[in-house]
Amino acid sequence: MEAIVLAAGYSSRANAFKMTLPLGQMSVLEQTISKFEGLCSRVIVVAGFKAELIQEEIAKICHENAYSFQIRFVYNENFHQGMFSSIQKGCNEISASSFFLTPGDCPLVKKETVQLLAEHKGNVVIPSFQYKGGHPIQLSKQVKQDILETKPESNLRAILNCYEKEYLNVEDPGVIMDVDTTEDYETAIHYCVRLTKQNPFRYN
């Protein structure tokens with residue numbers, strides 16, 4: 001299994017480059033990536049805006065930690081066209097029969113949730129908390145092919161609407177929490193502190 005982490009956006013609402021912001025003892029990006037440990041052979045990080053900072057962060061992650069997966073940096077030169085162009089760029093790298101897709105600013109999902117998703121079969125598997133869909137989502141090779149064959153000006157929603165979606169309800173508010181704004185980041189810090197107290201080995 002593989003994963004695509006989208007880290008190409010402008011971070012315009014966060015008033016900072018959110019992927020490298022500290023969260024616990026990791027960056028936001030590493031918190032997101034780390035949840036695929038033991039589940040994926042490769043994590044593909046698609047960068048665009050300030051790509052050099054993402055590249056530096058990946059180098060730091062690889063130097064300081066011994067994750068079982070390979071981290072592949074991919075630059076999307078068309079990141080200004082929107083998220084779907086980054087999804088297509090990531091899908092070009094996918095060779096597994098199924099893969100995870102998540103924005104890089106969704107760092108608070110529990111690893112147990114990702115494990116549950118990995119065990120679930122379907123073309124489109126979406127975690128939900130209190131019946132609200134979140135991330136990461138799991139997609140099949142068939143969905144990947146549709147993504148690659150679709151015009152860049154389209155979007156993921158249009159493709160997924162053609163498939164029956166499997167929703168996996170989980171007791172994990174992290175699936176619907178992102179770091180989109182300064183307020184989101186403050187919330188994430190407090191949430192991370194609370195989780196660390198509950199399980200000091202997960203978020204440090």
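Look up a bit, the structure's there.
Residues numbered from 1 in each chain as written. Predicted model: local features only at pLDDT ≥ 70, side-chain atom pairs only at ≥ 80, totals over all residues. Heavy atoms only, no water.

Draft legend 1. Main features of the overall build of the protein chain. Secondary structure summary: the protein chain contains 7 helices and 10 strands in total. C-alpha atoms of the protein chain, sized along the principal axes, occupy 45 × 35 × 30 Å. Within the protein chain, the proportion of its 204 residues that are buried is 50%. At a minimum sequence separation of 6, the contacts of the protein chain that also span at least 24 residues come to 75%. (Helix = DSSP H or I, 4+ residues; strand = E, 2+ residues; numbered from the N terminus. Buried < 20%, exposed > 50% of the residue type's maximum accessible area, 1.4 Å probe, protein only. Contact = heavy atoms within 4.5 Å.)

Draft legend 2. Expanded view of the pairing of strand β5 (residues 70-75). Relative to β5, strand β4 (residues 42-47) is paired through 6 bridges, and the arrangement is parallel. Note on β5: the bridge partner recorded for Val43 is Ile71. What joins β4 to β5 is helix α2 (residues 51-64), and the crossover it makes is right-handed. (Pairing = 2+ DSSP bridges. Right-handed = clockwise from strand over helix to strand, strands pointing away.)

Draft legend 3. Fine view of the environment of Val109. With respect to the secondary-structure elements, Val109 resides in the loop between β6 (98-103) and α4 (111-119). Here Val109 falls in the buried class, since its relative accessible area comes to 4%. Once the C-alpha coordinates of Val109 and Leu168 are considered, the two residues, 59 residues apart in sequence, prove to be 14 Å apart.

Draft legend 4. Inspection of the nonpolar core at higher detail. Core analysis: the largest hydrophobic core is formed by 31 residues, its most contacted members being Leu29, Ile33, Phe36, Val43, Val45, Ile54 and Phe100. Of all the elements, α2 adds the most residues to this core, at 4 residues. With near-sequence residues (within four places) excluded, Val45 lies in contact with Val5, Ala7, Leu29, Ile33, Ile54, Ile58, Ile71, Arg72, Phe73 and Val74. Listed in part, the 21 residues of the second largest apolar core include Val74, Cys91, Val124 and Tyr163. (Core = buried A, V, L, I, M, F, W, Y, C linked by side-chain atoms within 4.5 Å.)

Draft legend 5. View of the pattern of salt bridges. Applying the stated rule across the entire model yields 5 salt bridges. Residue Glu77 is joined to Lys89 by a salt bridge in which the shortest nitrogen-to-oxygen separation is 3.2 Å. Of this pair, Glu77 sits in the loop between β5 and α3 (83-91) while Lys89 sits in helix α3, and the two are 12 residues apart along the sequence. Looking at Glu77, the relative accessible area reads 41%, which means it is partly exposed. Of the residues examined, Lys89 reaches a relative accessible area of 23% and is grouped as partly exposed. Within the structure, one salt-bridge network assembled from shared partners comprises Lys18, Asp105 and Asp180. (Salt bridge = Lys/Arg side-chain N within 4 Å of Asp/Glu carboxyl O.)

Draft legend 6. A look at the environment of Val114. In this structure, Val114 sits in helix α4. A relative accessible area of 0% means that Val114 is categorised as buried. C-alpha of Val114 to C-alpha of Ile137: the two residues are 23 residues apart in sequence and 9.0 Å apart in space. Val114 has contacts with Lys35, Phe36, Leu39, Phe100, Val109 and Pro136, leaving out every residue within four places of it along the chain.

Draft legend 7. The environment of Thr196, seen in detail. Relative to the elements of secondary structure, Thr196 occurs in helix α7 (residues 182-198). In this structure Thr196 comes out as partly exposed when scored by relative accessible area, which is 24%.

Draft legend 8. Fine view of the side chain of Asp105. With respect to the element layout, Asp105 can be found in the loop between β6 and α4. Ignoring sequence-local partners within four residues, the contact set of Asp105 consists of Lys18, Met19, Val28, Thr32, Met177, Asp178, Val179 and Asp180.

Draft legend 9. Representation of the packing of aromatic side chains within the structure. Under the definition given, this model contains 5 aromatic pairs. Ring geometry for Tyr10 versus Phe79: centroids 5.4 Å apart, planes at 55°, classification tilted. Separated by 69 residues along the polypeptide, Tyr10 in the loop between β1 (2-7) and β2 (22-23) and Phe79 in the loop between β5 and α3 bring together distant segments of the chain. The exposure class assigned to Tyr10 is partly exposed, which follows from its relative accessible area of 45%. Judged by its relative accessible area of 16%, Phe79 falls in the buried class. By the ring-pair criterion, three or more aromatic residues cluster together here, those being Tyr10, Phe17, Phe49 and Phe79. (Phe/Tyr/Trp six-rings, centres within 6.5 Å; stacked < 30°, edge-to-face > 60°.)

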